[in-house]
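Below, each chain spelled out in residue letters.
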There are 4 protein chains.
Amino acid sequence: MAGSTLGTIFKITTWGESHGKALGVVIDGCPAGLPLEESDIQKYLDRRKPGTSSVTTPRKEDDSVEILSGVFEGRTTGTPISMIVRNTSQISKDYSEIASYYRPGHADYTFDQKYGFRDYRGGGRSSGRETVGRVAAGAVALKILKQIGVEILAYTRSIGPVEADMSRFDRDAVLSTPTAMPDRAANEAAVKYLEEIRHSTDSVGGCMECIVEGLPAGIGDPVFEKLDAGLAKAIMSIGAVKAVEIGDGTQVSARKGSENNDGFCAKDGRITKTSNHAGGILGGISDGDTVLVRAYVKPTPSIYLTQQTVDRQGQSIRINIKGRHDPVIVPRAAVVMECMTALTVLDAMMVNMSARMDSLENFYGKKLLRD
Amino acid sequence: MAGSTLGTIFKITTWGESHGKALGVVIDGCPAGLPLEESDIQKYLDRRKPGTSSVTTPRKEDDSVEILSGVFEGRTTGTPISMIVRNTSQISKDYSEIASYYRPGHADYTFDQKYGFRDYRGGGRSSGRETVGRVAAGAVALKILKQIGVEILAYTRSIGPVEADMSRFDRDAVLSTPTAMPDRAANEAAVKYLEEIRHSTDSVGGCMECIVEGLPAGIGDPVFEKLDAGLAKAIMSIGAVKAVEIGDGTQVSARKGSENNDGFCAKDGRITKTSNHAGGILGGISDGDTVLVRAYVKPTPSIYLTQQTVDRQGQSIRINIKGRHDPVIVPRAAVVMECMTALTVLDAMMVNMSARMDSLENFYGKKLLRD
Amino acid sequence: MAGSTLGTIFKITTWGESHGKALGVVIDGCPAGLPLEESDIQKYLDRRKPGTSSVTTPRKEDDSVEILSGVFEGRTTGTPISMIVRNTSQISKDYSEIASYYRPGHADYTFDQKYGFRDYRGGGRSSGRETVGRVAAGAVALKILKQIGVEILAYTRSIGPVEADMSRFDRDAVLSTPTAMPDRAANEAAVKYLEEIRHSTDSVGGCMECIVEGLPAGIGDPVFEKLDAGLAKAIMSIGAVKAVEIGDGTQVSARKGSENNDGFCAKDGRITKTSNHAGGILGGISDGDTVLVRAYVKPTPSIYLTQQTVDRQGQSIRINIKGRHDPVIVPRAAVVMECMTALTVLDAMMVNMSARMDSLENFYGKKLLRD
Amino acid sequence: MAGSTLGTIFKITTWGESHGKALGVVIDGCPAGLPLEESDIQKYLDRRKPGTSSVTTPRKEDDSVEILSGVFEGRTTGTPISMIVRNTSQISKDYSEIASYYRPGHADYTFDQKYGFRDYRGGGRSSGRETVGRVAAGAVALKILKQIGVEILAYTRSIGPVEADMSRFDRDAVLSTPTAMPDRAANEAAVKYLEEIRHSTDSVGGCMECIVEGLPAGIGDPVFEKLDAGLAKAIMSIGAVKAVEIGDGTQVSARKGSENNDGFCAKDGRITKTSNHAGGILGGISDGDTVLVRAYVKPTPSIYLTQQTVDRQGQSIRINIKGRHDPVIVPRAAVVMECMTALTVLDAMMVNMSARMDSLENFYGKKLLRD
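Everything in this summary refers to the structure shown in the same document.

Rules used throughout
Residues numbered from 1 in each chain as written. Chains lettered and ligands numbered in written order. Predicted model: local features only at pLDDT ≥ 70, side-chain atom pairs only at ≥ 80, totals over all residues. Heavy atoms only, no water. Least-squares fit on C-alpha atoms with pLDDT ≥ 70 in both. Contact = heavy atoms within 4.5 Å. Helix = DSSP H or I, 4+ residues; strand = E, 2+ residues; numbered from the N terminus. Expected span 1.5 Å × (residues − 1). Buried < 20%, exposed > 50% of the residue type's maximum accessible area, 1.4 Å probe, protein only. Arc of directions from axis to C-beta. Buried area = accessible area lost by both parts, 1.4 Å probe. Salt bridge = Lys/Arg side-chain N within 4 Å of Asp/Glu carboxyl O. Polar contact = N/O pair within 3.5 Å; in protein donor to acceptor, adjacent residues only side chain to side chain. Nonpolar A, V, L, I, M, F, W, Y, C, P; charged D, E, K, R; others polar. Pairing = 2+ DSSP bridges. Axes fitted to C-alpha atoms, helices over the stretch in contact; angles between N-to-C directions.

Once chain B has been moved 0.0 Å along the axis and rotated by 180°, it coincides with chain A to within an RMSD of 0.0 Å. Both copies are brought into coincidence by an operation consistent with a two-fold rotation axis. Closest approach to the rotation axis within chain B is made by the C-alpha atom of Lys233(B), at a distance of 2.4 Å. The overlap is high: 100% of the interface residues of chain B also sit at the interface in chain A, so the same surface is used on both sides.

Okay, structure coming up:
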């Protein structure tokens, strides 16, 4: 198991290395009958694509997706959807230096320890390019969710010291600014800050946030398959994420119960909550409120400054890594977070369909017990 | 799927409700030949047991474990280990009030929405008593890990505003103080603080931390089955946990790469790191350093203060919950965190055994390729 | 993994040894709202129970089931259902002889090779008693299936040379004769034959058959999770089964396509087939016709006759196994086959509920695509 | 779940339709360090490829495999191996007729019932071409197994009434005759028989057999993951297989225990058996002897003769299917059986590596228990 498969019913398997021939994903368990074409996928790949702005990355990758199976006459058939993105922009450069040592903050050392050797070209499987398959699959999940009323959006909450002011929340800004911040003023400040970081040949971390709206109450399973547990795994599995919070997250540890409990109340004939400290999940099951997840991303480990490390022979050396790096990855990682959230939520919704006898009876027809 | 099964090779399935006949767990995939007796399990159950101190809980539960299968002549046989803890102390009290409304911060509402009705006695399956099975299974995992050199310890980092000073780290204090803090001075301050909380009939949250020592490099799989992703899921699945951090966690988001990268260096012929901001995991795979995980726990939702909620008919009401509650659950949850960490780490170590061809060849014998 | 868990949504985990304290099963994923009490389970356990007739077994086991969790106020709650059967009739006899050698046809040798040692008392985990948990879980699956119109029956098709004449098919005979044959004349002949086998201190094999009626078309998944593949695994996993057939089974290999194809035809406004050589499954998916599965069972390996074997030191010896044995296990295995079929079919039906977009839209509500 | 993923550690996911752009497979969990190139795969694809002989199929498909990921500098890296075979020979013919009705013996009707519509071009996902991915993955498993001393071979046992005489077993004949029979005389008779079948525009079934040599004792898990249960599932999942036997299979049902038990004996210091009725598996675990599996294949459902069926509107009609068909598929299915066996055996061997404490201690190092 290399752990490249995720999901119980809506199951995805990603594959591919940074500098291999291609990357891709197979979705097994997509419901039949969904209208689907490559442009549905491409728009999400374009959001994670580098080269769109100098502040995030100066590299250019042309990530063009091809659907190879599972779609017939414009609709999904219920059989596996295989999608591929060819690697076209890898420069056949000299990797012998990078092959010889372990870059700090990267997975070079741990891959070598696990597998005995590694594909050292651009990080291989541990590269951020691995997320191409996640995004392609997530795009399909997002389309299905939208069809059944669930909307998901992830955005940048902060970059280094620059934080978005949520009272100025602007959904359009998320998709149109280079930082994917929902606050245009913060975006400008962050762009300026990132220019400084770039000039200092350093990098910086940040925080991203994802909201799920329209999710009915009852999604997620008690015990190990709690909705928040699934989200924590899916989002922590994005490279560089070092913390995941649900609702008010770390802040709850310093609170009293009387401050933290969300009361219930009746409103327009529906049950709702007077606050949402819980982030839309109680006991691992959605409560009908907005689900809110936050993830903290470490600074890109690739920096130009001189660093201390060891070579493959275990000798201490000092290195300067060459190449083009992103000063921050949060804006590109946000769409990955959106996709991982969608995959988790959709799978939980599919699993949930057989949670009650009356659901089975409605689906297959109730019979009188004769026995 | 009610999501009560966890693990790929070392697979556990827990069952039981707060006020049912019993709770328990089945471990499927425990290696044969481990010496095991009930006292190995009991000592961990005793650590999570309430009634040990007035500051955590005034309730008494006598959690006595019985091993029903999978052990023969004092050793595990490789077949399922079934363990059971009978519920003995449930007072057959009147639950009709609690059945009629939804307690804030509890899973009453979401269970009802999911399943159509619920076992309302003491929270049923969403009660903290559900962790009895986790701890029984975790005790076995911890014993195996110790045998192969991996030691795990979880403790209380903070309770409300009172934080342990890690420079005074005292391992013995974790097991002997009522707060499970590794700092005796902080323990005293916390005990005092908890008395105040109890008198105000409120509750408080806290933070717990877990360290894994002796874990070799190479454990965990790239992509979705990263070691940190598995830990995040396992620990977020503990009721009341609202945030999980690896290493420096949320703090990395405000840092620069030059501050956050851990350099490698040679020391006594071994490769080690000059710092451990990463918390022992790079690219989802252990790096041989101490693995550090932190979890933030919300205040116990059961409080005596008047609260706003709705009844099952959806009418707004005000309630005062009766009964005995814990002012804080962190000290008891820490041993659950230790167990969930052990289950995750052990399963990853077992999966890792077939990651390389040379491992298969050593195990089964290498043959010359004839073809 | 000891492989004691089966199913994707309706997931069962069995545990227990022949001569341990108890045996049992945990069902995780049972839909909420099913009326369930111990007598629903007990009647199936009674069908597999030995001691009901001298022709099958002279041993007496009192298999009394207790439900420990997952049922509240007479209905399933959606949480794990734990069921236990205490072992009460084990005679504390001397097992030192059986511990010292490998019985032919049993799993003694292979368990020792795999695990390094074994629970030798009565076969331990490889005993037929392991099926207690299967039957308890299967009883629940059968009750759910009946509620949604699916009926399953397994019976003895042949014992040694005595075969049931299916033109005399009598459903009542299955439940009331000692051989579980659907033909009373064949039952009488088989009873007589079994008396001879018993007197010769030998044993005999047989064939059992299972029919599924009322199963809608569309159940099962293409490729690896074909309904027939799932049935083959579930039924081959019953100890002593050496062959599994679907529909006409082995006979199709000598046929021509023109003989074997089942034509489709319209009948009363429904599509049906002109024959059922396929056994109700096409391309791994149910076609709405009766599903028919057959399994061939080897003679009970425990016989009194002198046999050639080796001891644990690898020395050839000749043995005479003492104790009470069943001359045939088919009548008791038939109910296990019925249960394994039910578990497989129900799980496939639950997985199938999310196979189409219109099913998701009906369940969660269709929304207009805004994007 | 469309059920296109198989395996616990060595996990494969296949995708692709008969007349889509391509077919393929992703292997997740292949051990790192295996020398692998496309020619290792191609030779197995060539064995299943049609067009090699007029007796099996007159169609030509050029199944050329490309490895897209997971191999670096000639060795597997431990990350997913994605393999693709482009569909090149699909004639863009008119499928409107086939789209309008349900072919007898095919999955047309059941796919429509399950998914609401289907890719009707050449059978889509239910076509025999779906096995391309299985064979590509199986080739990798076979190479690994060979490296650790396990050899697998599948061949044609019978075609219609023509059966191979196993006393003339000739391994070379399997790979060089058009029927894949291990008996050249039977091959000649079968070729002649198939010419007659072709002229009568009919088809015929057959039987195939697979042997596993060199498998150590101890592989497979008790209960549901028995080695024979896994083989039964894997092989029954091959389209057209209607029965699976282990060892003496159906014949055991008419035998006595004294005839069927295999005695153990000491030979050259090793424990072996005096016969192999069991087919190398006892209690679901390999016993060190040759594993023998047999599968019965129905006649190709595509025949030119007039057949009774219904159209999509449910009206009875009579049809004559056009196109080129295989009179028998057994010779091509044998290599698929070989691959499915390899995938099952390898996965069981990988899972088995952590079955014992001493294995973990050897791998990770034994520590003294301090507690």
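All names here are of chain A. Assignment of secondary structure puts Met166 in the loop between strand 9 (162-163) and helix 5 (171-176). Residues Met166 and Asp289 lie 123 residues apart in sequence; the distance between their C-alpha atoms is 18 Å. Residues contacting Met166, with those up to four places away along its chain left out, are Tyr155, Arg157, Pro182 and Glu209.

Okay, helix 6 (residues 184-199) of chain C next. All names here are of chain C. For helix 6, which comprises 16 residues, the first-to-last C-alpha distance of 23 Å matches the rise-based estimate of 22 Å (1.5 Å per residue) to within 8%. Those residues of helix 6 not exposed but buried are Ala186, Asn187, Ala190, Tyr193, Leu194 and Ile197. Looking straight down helix 6, one finds its buried side chains confined to an arc of 130°; they lie on one side. Exposed and oriented more than 90 degrees from the buried face of helix 6 are Glu188, Lys192 and His199. Taken together, the buried residues of helix 6 touch strand 8 (151-159) and strand 9 (162-163). Once helix 6 ends, the next one or two residues include Thr201, with phi positive near 55°.

What follows is about helix 1 (residues 38-48) of chain A. Every buried residue belonging to helix 1 of chain A is among Asp40(A), Ile41(A), Gln42(A), Tyr44(A), Leu45(A) and Arg48(A), and all of these are buried. Of the surrounding secondary structure, the elements contacted by the buried residues of helix 1 of chain A are strand 4 (65-67), strand 7 (81-86), helix 4 (131-147) and helix 9 (330-352) of chain A.

Quick look at the interface of chain B and chain A now. At the junction of the two partners, chain B supplies 101 residues and chain A supplies 101 residues. Roughly 8100 Å² is buried in total at the junction of chain B and chain A, and carbon and sulfur atoms are behind 63% of that figure. Our count for the contact surface shared by chain B and chain A stands at 4 salt bridges. Across the chain B-chain A interface, the total number found is 43 residue pairs in polar contact (both at pLDDT 80 or more). Element by element, the count of residues in the side of chain B that touches chain A is highest for helix 3 (residues 108-115) of chain B, at 7 residues. Here the residues of the side of chain B that touches chain A are counted per class, giving 45 nonpolar, 36 polar and 20 charged. Inspection of the sheet shows strand 11 (residues 241-246) of chain A paired to strand 11 (residues 241-246) of chain B by 3 bridges, in the antiparallel sense. Looking at the pairing, Glu245(A) lines up with Ala243(B) of strand 11 of chain B.

Turning next to the sheet that holds strand 9 of chain A. Taken together, the 10 strands give an open sheet; going across it, the order is 9(A)-8(A)-10(A)-16(A)-11(A)-11(B)-16(B)-10(B)-8(B)-9(B), and neighbouring strands pair in antiparallel fashion. At either margin of the open sheet sits one strand with a lone partner, and together these are strand 9 of chain A together with strand 9 (162-163) of chain B. Here strand 11 of chain B pairs with strand 16 (residues 291-297) of chain B via 5 bridges, running antiparallel. The residue bridging Ala243(B) from the neighbouring strand is Tyr296(B), located in strand 16 of chain B. Across the face of the sheet, helix 9 (residues 330-352) of chain B comes into contact with strand 8 (151-159), strand 10 (206-213) and strand 16 of chain B while running at roughly 150° to strand 8 of chain B.

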